[in-house]
Amino acid sequence: MKDGREARQRSDTPHYEHPSGGWGSLRGIASVLADERPTPGALRTLARQNKPGGHMCTSCAWTKPAQPHLAEFCENGAKATIWDLTAARCGPDFFAAHTLAELRGWSDHELERAGRLTHPMRYDAGSDRYVPCAWEDAFREIGAILKRTDPKATVFYTSGRASLETSYLIALFARAFGHINLPDSSNMCHETTSVGLKKVTGSPVGTCVHEDFSHCDLMLFFGQNTGTNSPRFLHDLQKAKKRGCRIVTFNPIRERGLVEFTNPQNPAEMTVAPPTPISDIYLQLRPGGDVAALSGLIKRVLELEAEKGGVLDRVFIAAHTTGFEEMRARIAALSWDDIERESGLRRRELEEVAELYARSRRVIGLYGMGLTQHVKGWLNIAMLVNLLLLRGNIGRKGTGISPVRGHSNVQGQRTVGITEKPELVPNDRLRDLFGIEPPMEEGMTTVKVVEGVLDGTVKAFVAFGGNFARAIPDNRRAEPAWAGLDLNVQIATKLNRSHLLPGRATWLLPCLVRAEEDRQATGPQVVTIEDSLSCIHGSLGKRRPASEHLRSEVAIVCGLAKATLEPNPRLRWDEWTGDYGLIRDLIERTYPDQFRDFNARLFVPGGFHKGNAARERRWETESGRAEFTAPDTLSALPGPLPEEALTLITLRSNDQFNTTVYGFRDRLRGLSGPRDIVLLNPEEIARRGLREGQSVRVECATGDGEDRAVELRVTAYDLPDGCAAAYYPEANPLIPLGLYDELSHTPAYKGVPVRIRA
Ligand SMILES: Nc1nc2c(c(=O)[nH]1)N[C@H]1C(S)=C(S)[C@@H](COP(=O)(O)OP(=O)(O)OC[C@H]3O[C@@H](n4cnc5c(=O)[nH]c(N)nc54)[C@H](O)[C@@H]3O)O[C@H]1N2
Ligand SMILES: Nc1nc2c(c(=O)[nH]1)N[C@H]1C(S)=C(S)[C@@H](COP(=O)(O)OP(=O)(O)OC[C@H]3O[C@@H](n4cnc5c(=O)[nH]c(N)nc54)[C@H](O)[C@@H]3O)O[C@H]1N2
Ligand SMILES: [Mo]
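Residues numbered from 1 in each chain as written. Chains lettered and ligands numbered in written order. Predicted model: local features only at pLDDT ≥ 70, side-chain atom pairs only at ≥ 80, totals over all residues. Heavy atoms only, no water.

Visitor: How should the overall build of the protein be read in this particular structure?
Guide: Secondary structure summary: the protein contains 28 helices and 33 strands in total. Here the C-alpha radius of gyration of the protein, 25 Å, is about what a compact globule of 758 residues would show, namely 27 Å. Dimensions along the principal axes, computed over C-alpha positions, put the protein at roughly 75 × 60 × 55 Å. Across the 758 residues that make up the protein, the buried fraction comes to 66%. Long-range contacts, defined as pairs at least 24 residues apart, comprise 79% of the intrachain contacts of the protein with a sequence gap of at least 6. Accessible surface computed for the protein: about 26200 Å², of which carbon and sulfur atoms make up 50%. (Helix = DSSP H or I, 4+ residues; strand = E, 2+ residues; numbered from the N terminus. Rg over C-alpha atoms; globule rule 2.2 N^0.38 Å. Buried < 20%, exposed > 50% of the residue type's maximum accessible area, 1.4 Å probe, protein only. Contact = heavy atoms within 4.5 Å. Areas by Shrake-Rupley, 256 points an atom, 1.4 Å probe, with all protein chains shown as cover.)

Laid out in structure tokens, this is it:
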């Protein structure tokens, strides 16, 4: 197996001393250009990225501003686009040369580097190879198998890239067929937000709009790595800093992008001006320590109120919230010793931040996977909301709660019906519009789907993008079970491990990427996406498709649906394929409040906002009010750590997008080379009698009887005591399927008890 190991050596300095952005990010783009040799015109394509009339980047979900920069893309957005526009092709010749058994020995990086998928392929078990097939045969044969399959044993997975149009049709296809087993990458990601934030504010998404970032005077960042995962947001942070806004970060790792930033698009900064410091205060708390840290902040704010008054927004609390007294009493009873122990922070550090909070008029709370991917992830979010509610920091200009979402349209997929929860869609409208009977019992989440694959109750799996089998917890334990499926259909752009785990009948169907022209019966088609701040944008690809055999995701969904469902004159799959404007009309009729005049507003600069009740202080919660939560624990972890165990957090490098590994340079962390490493602080290394570079066996310590272990090499890094870190997806075999957020079932990828054996 070649994995770039020989080619690249780890740097001697594991701590990157340069600001994020800057020359390093330009070199990052240049090196992908050199490695990938994209088809000509790629730079011209990049210039159209994230601008009205252009295509929307397939990397992160950060908002696309109304006044874009000359180049409204970042290092990682450029990498994502260049990765899509590679000149390499993974077609019939490639598959004729390699069996799936052989390809299973390749790394994630090598598989995707084979290039763009070019032809529809069917798996041939006799030769253990994919062989080309015709689209119409694929649709007919897949449809025939689905017709024989119990809809309740069928799963349609979406990874958050597919457009609103595609997603609406996938959700409709599922409901017309008779299931809502619609796990989304969101079920591994911000489902904690969809459930937890909804519980306490009534809104399943963030309340901020872009303008709020120009008015806040404090931002609190919990567990979100802006420099790598939403780099365009650094421009907003830099602007906010320059006008005097303060930023406080809670993260076990000192992530470079939240330390300082040089704008690569500003010539003066690139040459003479110093970088902008980003965080005023940076607190390296213990993983899972956010409940305790937030408890400390709230405790001090309540003390300040008792000391001098005027700190709480009493009018807001009385008019808009419930549960304040119970929360107050619970927090008042907590001891600072417990708070310090569980958070790993000192009382005086938390008091300083609480005092800053109490002085700030407009505060935004931001968070990412560091809060959501925990057993008590929902409580993490509820605690942040508690803090914000104390001073009326939701539903006012320059305030709010802002989950920073992952995939470019993951939030939008939920908006248009990708959900396993029947109550979240207007079923009556679907009945009226299409004469279908949507299922009313709950469908499967990601965790349930994996359980179903393992126990054989899932029979058919259709993936509209993504790399499900690799991204899930316990991925190694689940791998053999995929062979038990009757049907596995993978719609994708590049080869990945999920494509190498065939069932009894298996297809790999290639689709267009967003930058490519999508020409249908009525001409080139626009698709739409919803960003992290709930703004909807049109996206128009102009590149020549990587192969003449590619189809759009809309065309593929329609082809499959038509071949599967009984004819219904109201399900007009062919017409919809020919004109996506018709699909947008249906979205508007299904969700009239959010998508008014949809087709007329495709290219509004900055997108159009779909609205948010909590932002207007309308609380669509059970109580009809914003809810304070009294914490029942100080830790987001599953329980006290077993003897000698550490808490493992799993990380993305700056050179990957989820399971897509572009390369081996985690530039902003000063790490490069092979990814099979485990980070520990030097004292932990010494205490355990280990040494740098030593190969160790990292074992899961949940003690549920399964043997979960991965060989990794010890690397010293600045982390809190009791914490280990390793890369995702390499570390996923260590993560038990049963470890997930109590309310939303989002896997606890950031809080896994592990032991290390020499
Ligand atoms: N370039 C690039 N961009 C991406 C992605 C990518 O892989 N590459 N992925 C996309 C997707 S799908 C998503 S969901 C987002 C993910 O973006 P993020 O939400 O930033 O997710 P992660 O990088 O997994 O982890 C975020 C941070 O949480 C910290 N952390 C870990 N445990 C804890 C904890 O207990 N408490 C606190 N406070 N912090 C903790 C980690 O140190 C890390 O800095 O990014 C999206 N954008
Ligand atoms: N340990 C650990 N595990 C995690 C996480 C973690 O932090 N730690 N994070 C979780 C999170 S937040 C997420 S979102 C999931 C991600 O899980 P997924 O969304 O399933 O995974 P991706 O790696 O984003 O999927 C990459 C594949 O998508 C396909 N693809 C790319 N573009 C397109 C397109 O335009 N159309 C189609 N049809 N296919 C396309 C390509 O074939 C590519 O190989 O992983 C989760 N797993
Ligand atoms: Mo995600």
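Visitor: In this structure, what is going on with the site of ligand 2? I would like to understand it.
Guide: Around ligand 2 sit 33 residues, and of these Glu112, Tyr157, Lys494, Thr659 and Asn732 come closest. Take Glu112: an N or O atom from its side chain is 2.6 Å from an oxygen atom of ligand 2. Side-chain polar atom of Ser159 to an oxygen atom of ligand 2: 2.9 Å apart, as the coordinates give it. When ligand 2 sits alone it has 940 Å² of accessible area, and the protein chains cover 97% of it. Its residues placed into classes, the shell around ligand 2 shows 13 nonpolar, 14 polar and six charged. (Near = heavy atom within 4 Å. Polar contact = N/O pair within 3.5 Å; in protein donor to acceptor, adjacent residues only side chain to side chain. Nonpolar A, V, L, I, M, F, W, Y, C, P; charged D, E, K, R; others polar.)

Visitor: How do you make sense of the domain arrangement of the protein when you look at a structure like this?
Guide: By a widely used convention, the size of an interface equals the accessible area lost when the partners come together. Examined at the domain level, the protein breaks down into domain 1 (89-189 + 409-614) and domain 2 (646-757). Relative placement of domain 1 and domain 2: their C-alpha centres are 31 Å apart. Taken together, domain 1 and domain 2 are joined by two salt bridges. Put simply, Arg708 and Asp474 hold a salt bridge, and the shortest N to O gap is 2.6 Å. (Domains from an automatic or database assignment. Salt bridge = Lys/Arg side-chain N within 4 Å of Asp/Glu carboxyl O.)

Visitor: So what exactly am I meant to see when it comes to the nonpolar core here?
Guide: A general tendency of soluble globular proteins is for nonpolar side chains to be buried together. One finds Tyr168, Leu169, Phe173, Phe434, Trp573 and Trp576 to be the most contacted residues of the largest nonpolar core, which totals 59 residues. Those residues in contact with Phe434 that lie beyond four places of it in its chain are Tyr168, Leu172, Asn568, Arg570, Leu571, Trp576 and Leu586. (Core = buried A, V, L, I, M, F, W, Y, C linked by side-chain atoms within 4.5 Å.)

Visitor: Got a minute to help me understand the site of ligand 1 in this structure?
Guide: Taken together, 29 residues lie near ligand 1, and Asn251, Glu255, Gly288, Asp290 and Asn658 sit nearest. One of the side-chain nitrogen or oxygen atoms of Asn251 is found 2.7 Å away from an oxygen atom of ligand 1. The protein chains hide 99% of the 920 Å² of surface that ligand 1 would expose on its own. Where the shell around ligand 1 is concerned, the elements lending two or more residues are helix H10 (226-229), helix H18 (369-372) and strand S25 (656-657).

Visitor: I tried to follow the pattern of salt bridges on my own but got confused; where do I start?
Guide: Side chains carrying opposite charge are able to pair once their charged atoms draw close together. All chains considered together, the criterion is met by 53 salt bridges. Lys376 is paired through a salt bridge with Asp632; the nearest N and O atoms lie 3.4 Å apart. Taken together, the residues span a long stretch of sequence, with Lys376 in the loop between H18 and helix H19 (377-390) and Asp632 in the loop between strand S23 (626-627) and strand S24 (646-651) at a distance of 256 residues. Assessed through its relative accessible area of 10%, Lys376 is described here as buried. Close ionic contact of Arg697 with Asp707 constitutes a salt bridge, the shortest N to O distance being 3.3 Å. With Arg697 in strand S30 (residues 695-700) and Asp707 in the loop between S30 and strand S31 (709-716), this residue pair connects regions lying ten residues apart in the sequence. Salt bridges linked by common partners bring Glu75, Lys79, Asp655, Arg665 and Arg667 together as one network.

Visitor: It is not clear to me how the state of the cysteines should be interpreted in this structure. Could you clarify?
Guide: Note on terminology: disulfide describes a covalent bond linking the sulfur atoms of two cysteines. Applying the stated criterion across every chain yields a total of zero disulfides. Residue Cys90 stays outside any disulfide, its sulfur separated by 14 Å from that of Cys511, the closest cysteine. A disulfide-free cysteine, Cys723 has its sulfur positioned 15 Å from the sulfur of Cys700, the nearest such atom. (Disulfide = S-S within 2.5 Å.)

Visitor: Mind showing me how you'd approach the packing of aromatic side chains here?
Guide: To describe a pair of aromatic rings, you give the distance between the ring centres and the angle between the ring planes. Inspection of every chain in the model, using the stated rule, returns 28 aromatic pairs. Aromatic side chains Trp135 and Phe139 sit 5.7 Å apart centroid to centroid with 40° between the ring planes, which places their arrangement in the tilted category. Remark: Phe139 and Trp135 occur in helix H7 (residues 135-148); sequence separation between them is four residues, near one turn of the helix. Taken individually, Trp135 and Phe139 each receive the classification buried, so the pair is uniform in this respect. An angle of 80° between the planes, with centres 5.8 Å apart, marks the rings of Phe156 and Phe464 as edge-to-face. Of the two residues, Phe156 sits in strand S6 (residues 154-158) while Phe464 sits in strand S15 (residues 460-464), which places them 308 residues apart along the sequence. When sorted by exposure, Phe156 lands in the same class as Phe464, which is buried. (Phe/Tyr/Trp six-rings, centres within 6.5 Å; stacked < 30°, edge-to-face > 60°.)

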